Amino acid sequence: MMKKILKNNLRIFLCFILLLGIARFIYATSFKDNNSVFKNSYALKAYSSYIIDHNENKEFQGRKWGPIAVILIGGIKKLVPENYTSFIWRLGLFISYGVIIYFLLNLISEFGLLLQQNNKDPTHLWSIILVFVTLQSSAAIYDITNGDGQIFTALCIIGHFYFFCKKKYFIASIFIIVGIYFKLHSVVFAFPYLVFAICSRHHRLYIFYIFIVG
């Protein structure tokens, strides 16, 4: 009886901590201090600079955005009114961050089962801690409020890892190739998997898919 009460109290405490994390994330991304969710995003500024420099045959001096980023932003600009472009971009960042958290929760639960075997965690302690920590990420908050694109890159990298762990190499290849063509530095995260797949005969199908998708 006492053990059950302690578990219930711990569960309530963890839920309270999680709510605090959610509240802090919402407050930090609430676009206070005269900022607005419709304010021109960094991604749109980079896109405009890229187009201007390209049309004038000049070298783009900003951060290097790949063809998928240019096509994606250009598509949003054509599909929605100009005033809503930055809002749609930031909404995409929010959704992408939610998918990242979903991938991480699934990964941590699978690793938890391997460590605990048949001992289940009724309080979901590590899942709650993970969500709380991800919602405190200053980098994610900065990326959303400024309308950058690092969350999309992170989604591609983590999605690649998630499906590689599940041995769904075709989907994993799509994630990392999209990430590379979004921003080139994602290629750094593909190289170790390629080396590992070469050395492991159980994962060599990954090599085939990475080149086909690429």
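You'll find the structure just up there.
A brief look at the structure comes next. (Residues numbered from 1 in each chain as written. Predicted model: local features only at pLDDT ≥ 70, side-chain atom pairs only at ≥ 80, totals over all residues. Heavy atoms only, no water.)

## Considering the overall build of the protein
Point 1. Along the protein, the regular secondary structure elements total ten helices and zero strands.
Point 2. Overall, the protein shows an N-to-C arrangement of helices and strands of α-α-α-α-α-α-α-α-α-α.
Point 3. Classification of the 214 residues of the protein by burial places 36% in the buried group.
Point 4. Partitioning the intrachain contacts of the protein with sequence separation of at least 6 by distance along the chain shows that 72% fall at a separation of at least 24.
Point 5. By element, 68% of the accessible surface of the protein is carried by carbon and sulfur atoms, the whole surface being about 13,400 Å². (Helix = DSSP H or I, 4+ residues; strand = E, 2+ residues; numbered from the N terminus. Buried < 20%, exposed > 50% of the residue type's maximum accessible area, 1.4 Å probe, protein only. Contact = heavy atoms within 4.5 Å. Areas by Shrake-Rupley, 256 points an atom, 1.4 Å probe, with all protein chains shown as cover.)

## Things to note about the pattern of salt bridges
Point 1. Applying the stated criterion across every chain, the model contains one salt bridge.
Point 2. The shortest N-O distance in the salt bridge between D148 and K183 comes to 4.0 Å. With a gap of 35 residues between them, D148 in the loop between helix 6 (138-146) and helix 7 (150-165) and K183 in the loop between helix 8 (169-182) and helix 9 (187-199) connect regions that are remote in the sequence.
Point 3. Since its relative accessible area comes to 2%, K183 is described here as buried. (Salt bridge = Lys/Arg side-chain N within 4 Å of Asp/Glu carboxyl O.)

## Structural notes on helix 3 (residues 67-79)
Point 1. A rise of 1.5 Å per residue sets the reference length of helix 3, with its 13 residues, at 18 Å; its end C-alpha atoms lie 18 Å apart and thus fit the reference within 8%.
Point 2. Considered for burial, the residues of helix 3 that qualify are A69, V70, I73, G74 and I76. The arc that holds every buried residue of helix 3, seen down its axis, measures 155°, which confines them to one face. Turned more than 90 degrees off the buried face of helix 3, the exposed positions are I71, K78 and L79. (Expected span 1.5 Å × (residues − 1). Arc of directions from axis to C-beta.)

## Here we look at the side chain of S173
Point 1. Inspection of the secondary structure puts S173 in helix 8.
Point 2. Assessed through its relative accessible area of 0%, S173 is described here as buried.
Point 3. Aside from chain neighbours lying at most four places away, what touches S173 is Y206, Y209, I210 and V213.

## Observations concerning unusual backbone geometry
Point 1. Here K167, not a glycine, exhibits a phi torsion of approximately 65°, which is positive.
Point 2. With respect to the helices, strands and loops of the structure, K167 is situated in the loop between helix 7 and helix 8.
Point 3. The class for K167 is exposed, based on a relative accessible area of 53%.

## Here's the deal with the nonpolar core
Point 1. Core analysis: the biggest nonpolar cluster contains 43 residues, and W65, W89 and Y206 have the highest contact counts within it.
Point 2. Setting aside its immediate chain neighbours within four residues, W89 contacts S41, A43, W65, L72, I73, I76, G147, D148, G149, F152 and F182. (Core = buried A, V, L, I, M, F, W, Y, C linked by side-chain atoms within 4.5 Å.)

## Regarding the packing of aromatic side chains
Point 1. Counting across every chain of the model gives 15 aromatic pairs.
Point 2. Aromatic side chains F164 and F196 sit 6.2 Å apart centroid to centroid with 65° between the ring planes, which places their arrangement in the edge-to-face category. Of this pair, F164 sits in helix 7 while F196 sits in helix 9, and the two are 32 residues apart along the sequence.
Point 3. Seen from their ring centres, Y169 and Y206 are 6.2 Å apart, and the 70° between their planes marks the pair as edge-to-face. With a gap of 37 residues between them, Y169 in helix 8 and Y206 in helix 10 (residues 205-213) connect regions that are remote in the sequence.
Point 4. On the basis of relative accessibility, which here comes to 5%, the residue Y169 falls in the buried class.
Point 5. Classification of Y206 by relative accessible area gives buried; the value is 0%.
Point 6. Through a chain of ring-to-ring contacts, the aromatic side chains of Y102, F103, Y162, F163 and F175 assemble into a single cluster. (Phe/Tyr/Trp six-rings, centres within 6.5 Å; stacked < 30°, edge-to-face > 60°.)

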